Amino acid sequence: MQDISIEATLQQAIEQVRINIPRFGDQYPHNGDGKVYVLRDNDHWMTSFWVGELWLSYAISQDETFRREAERRLPSFEYRLTHRIHEDHDLGFLYTLSARAEWQLTHDPVARQLAITAADHLIERFHPKGEYIQAWGALNDPVEGGRMIVDCLMNLPLLFWASHETGDPKYAEIAAKHARTTRRYQVREGDTTYHTFFFNQDTGEPIGGKTAQGYADDSLWTRGQAWAIYGFALAAEWMNDREMLDTSIRLAERFWAELSSDLVPLWDFRVPPDGPQKRDSSAGAITACGMFKLATLVSDSALAASFRERAEKLTLRLTEACFETAPDAQGLLRDSSYNVKNGNAVEQFMPFGDYYYLESLVTMAGKPIDFWGKASL
Ligand code: GLY
């Protein structure tokens, strides 16, 4: 691997965020398209990743430009919550990186209240019979009402945080139930994960696993495994729960064992040789962040050091292979894939790839800013 300075890379990435501020205007990056992003209004699940990049950049640089740009977007998040625009389980992603991050860094009470209201909306999606949070669709949807998805583990930190903030245990209780249901039904023999799982929403009876973005129902969608590694690690931290921690460790070991020597993961670890051999660098970045978190949680010091070392290797390799430095390019991390199966944004910039790559740089540079767990509270 090349000799890479993480501090210099981090500063370069932050400068790229700065250059993007006027380019994005009042909109938000959605899918990457070559060197640029397709921009959209604040009406989809990915919009907070850009705001998260702004808050990370502010936390590192203390440059008010980033703070002003992030703060001026909060009313738009307030508007979409009031009007329930594109509301699904990704309220967690949306309001952790916008409202909670703002509260954490500026102590703005409006941001705090917005994050709590988002948590109130999120718990409406809980199905008590199956003990899961419904991922997609309207609450009365006859099909989607029965579906949970593994990505939702990353939405739970908003609920744990809301209980921590308000003293009301109801949010954390639902988050813990959902995490346990995910562990029970979505983690398979061999430490792999289903992307999505269905229940009979009337009785709560489990039906079975199904993919949405993976190669097949029983394949191993790489980003789903990455969400699970980081999500279970965060659940372990908030719940102080050994089972959650063990699960995250096992899934992380499986992920690492599946990687080729290239270290930039393919989009699905079970794609056959004659299937599309496309990368999903975002899964590498999310896993790096998950492994950095695991390194802070495991008590065995050799294992902790090993997770830290592997997270660093992933971050360095992503820097070498995928970090974009062209001045006219709008993303940080090349080769993320949104949905290879339907050809939607394959090997492009994606806002979540950029965000988690930046978070991994920040952590590796020794300045961890934790918007998900308890460490920064
Ligand atoms: N949470 C949706 C995705 O990872 O594509």
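Attention here is on the structure that accompanies the text.

So, how was this worked out
- Residues numbered from 1 in each chain as written.
- Predicted model: local features only at pLDDT ≥ 70, side-chain atom pairs only at ≥ 80, totals over all residues.
- Heavy atoms only, no water.
- Near = heavy atom within 4 Å.
- Polar contact = N/O pair within 3.5 Å; in protein donor to acceptor, adjacent residues only side chain to side chain.
- Areas by Shrake-Rupley, 256 points an atom, 1.4 Å probe, with all protein chains shown as cover.
- Nonpolar A, V, L, I, M, F, W, Y, C, P; charged D, E, K, R; others polar.
- Salt bridge = Lys/Arg side-chain N within 4 Å of Asp/Glu carboxyl O.
- Buried < 20%, exposed > 50% of the residue type's maximum accessible area, 1.4 Å probe, protein only.
- Helix = DSSP H or I, 4+ residues; strand = E, 2+ residues; numbered from the N terminus.
- Pairing = 2+ DSSP bridges.
- Axes fitted to C-alpha atoms, helices over the stretch in contact; angles between N-to-C directions.
- Contact = heavy atoms within 4.5 Å.
- Parallel < 35°, antiparallel > 145°, perpendicular 65-115°, else oblique.
- Left-handed = near helix turned anticlockwise from the far one by under 90°.
- Core = buried A, V, L, I, M, F, W, Y, C linked by side-chain atoms within 4.5 Å.
- Expected span 1.5 Å × (residues − 1).

## Some points on the site of the ligand
The environment of the ligand is made up of Trp45, Asp151, Gln213, Trp221, Arg223, Trp227 and Tyr338. Between the ligand and the protein, one listed contact pairs an oxygen atom with a side-chain N or O atom of Arg223 at 2.5 Å. The contact in question runs from an oxygen atom of the ligand to an N or O atom on the side chain of Trp227, over 2.9 Å. A total of 200 Å² of accessible area belongs to the ligand in isolation, and the protein chains cover 95% of it. Residue classes in the shell around the ligand are distributed as four nonpolar, one polar and two charged.

## Describing the pattern of salt bridges
Scanning the model with the defined rule gives 33 salt bridges in all. A salt bridge links Arg73 to Glu69, with the shortest nitrogen-to-oxygen separation between them at 3.0 Å. The same class applies to Arg73 as to Glu69, namely buried. The partner of Asp262 in a salt bridge is Arg317, with the nearest N and O atoms 2.5 Å apart. Linking Asp262 in the loop between helix 10 (242–258) and helix 11 (281–297) with Arg317 in helix 12 (residues 301–322), this pair joins segments that are 55 residues apart in sequence. Residue class for Arg317 comes out buried when judged on its relative accessible area of 15%. Linked through salt bridges whose partners overlap, the residues forming this network are Asp262, Arg279, Arg317, Glu320 and Asp335.

## Describing unusual backbone geometry
Excluding glycine, a negative phi dihedral is what most residues carry, and trans is how most peptide bonds are arranged. With a phi close to 65°, Asp191 is a non-glycine residue in the positive phi region. With respect to the secondary-structure elements, Asp191 resides in the loop between strand 6 (187–188) and strand 7 (192–193).

## Quick notes on the sheet that holds strand 5 (residues 147–149)
Spatially, 5-8-9 is the arrangement adopted by the three strands of the open sheet, whose pairing is antiparallel. Of all the strands in the sheet, just strand 5 and strand 9 (206–210) have a single pairing partner and so form its edges. Each adjacent strand pair in this sheet contributes to an overall mean axis angle of 25°, direction not counted. With four bridges joining them, strand 8 (residues 196–199) and strand 9 adopt antiparallel strand pairing. Its bridge partner lying in strand 9, Phe197 is registered against Gly209. Those strands touched by helix 8 (residues 170–186) are strand 5, strand 8 and strand 9, and its axis lies near 90° from that of strand 5.

## Some points on the packing of helix 7 (residues 156–166) against helix 9 (residues 222–239)
Taken N-terminus to C-terminus, the directions of helix 7 and helix 9 make an angle of 15°; their axes are 10 Å apart at the nearest point. Compared by their axis directions, helix 7 and helix 9 come out roughly parallel. Crossing hand, helix 7 versus helix 9: left-handed. For the pair helix 7 and helix 9, the contacting residues are Pro157, Phe160, Trp161 and His164 in the first and Leu234, Ala235, Trp238 and Met239 in the second.

## Details of the nonpolar core
Counting 124 residues, the largest nonpolar core has Tyr95, Leu159 and Tyr356 as the members making the most contacts within it. In terms of residue count, the dominant contributor to this core is helix 9 (twelve residues). Beyond its immediate stretch of four places on either side in the chain, Tyr95 contacts Phe77, Arg80, Leu81, Arg100, Leu114, Ala115, Ala118 and Leu158. The next biggest cluster of nonpolar side chains, apart from the first, holds five residues, and it includes Tyr132, Tyr185, Phe197 and Phe199.

## So, the pairing of strand 1 (residues 28–33)
Within strand 1, five of the six residues are buried, which leaves the element mostly enclosed by the surrounding structure. Across four bridges, strand 1 lies against strand 2 (residues 36–40) in antiparallel orientation. Counted as the bridge partner of Tyr28 is Arg40 from strand 2. Following strand 1, the chain reverses through two residues before pairing antiparallel with strand 2; Gly34 in that reversal takes a positive phi of roughly 65°.

## Observations concerning the side chain of Gln16
For Gln16, the position within the fold is in helix 1 (residues 6–24). Residue classification places Gln16 among the buried residues on the basis of a relative accessible area of 6%. Engagement of the side chain of Gln16 in a polar contact is seen with the backbone oxygen of Ala329, the distance being 2.4 Å.

## Concerning the side chain of Thr319
By secondary structure assignment, the location of Thr319 is in helix 12. A polar contact of 2.7 Å, which involves the side chain of Thr319, links it to the backbone oxygen of Thr315. Among residues more than four places away in sequence, those in contact with Thr319 are Ile4, Ile6, Thr9, Tyr357 and Leu361.

## Section: helix 11
Here helix 11 is 17 residues long and its end C-alpha atoms lie 25 Å apart, about the 24 Å a rise of 1.5 Å per residue gives. Burial within helix 11 is extensive, with 15 of its 17 residues counted as buried.

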